[in-house]
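Each chain, written out:
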Amino acid sequence: MIQAKSVTYYYNEAELIPALKELNIDIASGEFVVIIGHNGSGKSTFAKLCNGIMHPTEGVILIDGMDTSHYDQIWEIRKTAGMVFQNPDNQIVATVVEEDVAFGPENLGVSPSEIRIRVDEALDSVDMYEHRRKPPHLLSGGQKQRIAIAGILAMKPKCIILDEPTAMLDPSGRKEVMETITRLNKEEGITIVHITHFMDEAVHCDRVIVMEEGAKLIEGTPKNVFSKVEKLQSMGLDVPQVTLLAHQLREQGIDIPDDIITVEELVEVLCPLL
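Residues numbered from 1 in each chain as written. Predicted model: local features only at pLDDT ≥ 70, side-chain atom pairs only at ≥ 80, totals over all residues. Heavy atoms only, no water.

K.L.:
Help me understand unusual backbone geometry in this model?
P.N.:
In most cases, non-glycine residues show a negative phi, while peptide bonds are predominantly trans. The backbone of serine 6 sits at a positive phi, close to 50 degrees, despite the residue not being glycine. Note on placement: serine 6 falls in strand E1 (residues 2-9). Despite not being glycine, glutamate 213 has its phi angle at roughly 50 degrees, a positive value. Relative to the helices and strands, glutamate 213 resides in the loop between strand E9 (207-212) and strand E10 (215-220). (Helix = DSSP H or I, 4+ residues; strand = E, 2+ residues; numbered from the N terminus.)

K.L.:
Could you clarify how one ought to interpret the pairing of strand E3 (residues 32-36) in this entry?
P.N.:
Every regular strand shows the same layout, with side chains that alternate between the two sheet faces. Of all the five residues making up E3, five are buried; the element is thus mostly covered by neighbouring parts of the structure. Both faces of E3 are covered, namely the face carrying Phe32, Val34 and Ile36 and the face carrying Val33 and Ile35. Bridge count for E3 against strand E8 (residues 191-195) is four bridges, and the pairing is parallel. Pairing of isoleucine 35 across the sheet is with isoleucine 195, part of E8. Two elements, E3 and E9, share four bridges in a ladder whose sense is parallel. (Buried < 20%, exposed > 50% of the residue type's maximum accessible area, 1.4 Å probe, protein only. Pairing = 2+ DSSP bridges.)

K.L.:
Looking at this structure, I do not really get the environment of alanine 4. What am I missing?
P.N.:
Structurally, the position occupied by alanine 4 is in strand E1. Sequence separation between alanine 4 and isoleucine 25 is 21 residues, and the spatial gap between their C-alpha atoms is 4.9 Å.

Right, dumping it as structure tokens:
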């Protein structure tokens, strides 16, 4: 679904250090990938390159086989890979929820009858159908972000790229959004690329990519990546809280596995010891 081949990106020619350097990433159709890294690591730059908002200085990014540098393919690319940003207020353009969700397919020239079907299906997919006639400003942050996701879904994408969509939300809103994108991936087969600072959001994905200074530093399953507690901490990154607790228990001499990433796993190994 997404192929980044030797991608380098400079924000301006005067820069000596690129935002991305020789980046190679392959994301398969239907995969759920989480990208983590501290500010300035290149995560958001990669996301914008995937959506054709920016173009690589060197290298190529292919979205379902389409080159993002080809302007004549940009509409098809954005239909294929939808983008959800950090602040939902920046994506909501209408004064009624269902009108906002209809905005994308309207601009694609979809017929009114088809738009009606797409809007209802998209709102139902994010559990927001009952709020379809409400003004967006009356919704919570988590509900607004789900409306932003519905607006992308109405364009029938194969992939959704989410650039820190939970950063401005409270824990309840974060849970709503994570449940929504997980369901879209598992039940509808939509490829998910989720960029986040919250390590707990990466626990149930297929693959975690850790970026540092514009390059891919670590890659693997959540268990594989988060078992490297000290390596991640040396980079200024956290690990899921339960993983950190398990790591601290091991340091105290308790014999438990080093790849625990969920509360359930920790409970399972601690109960026999107690």
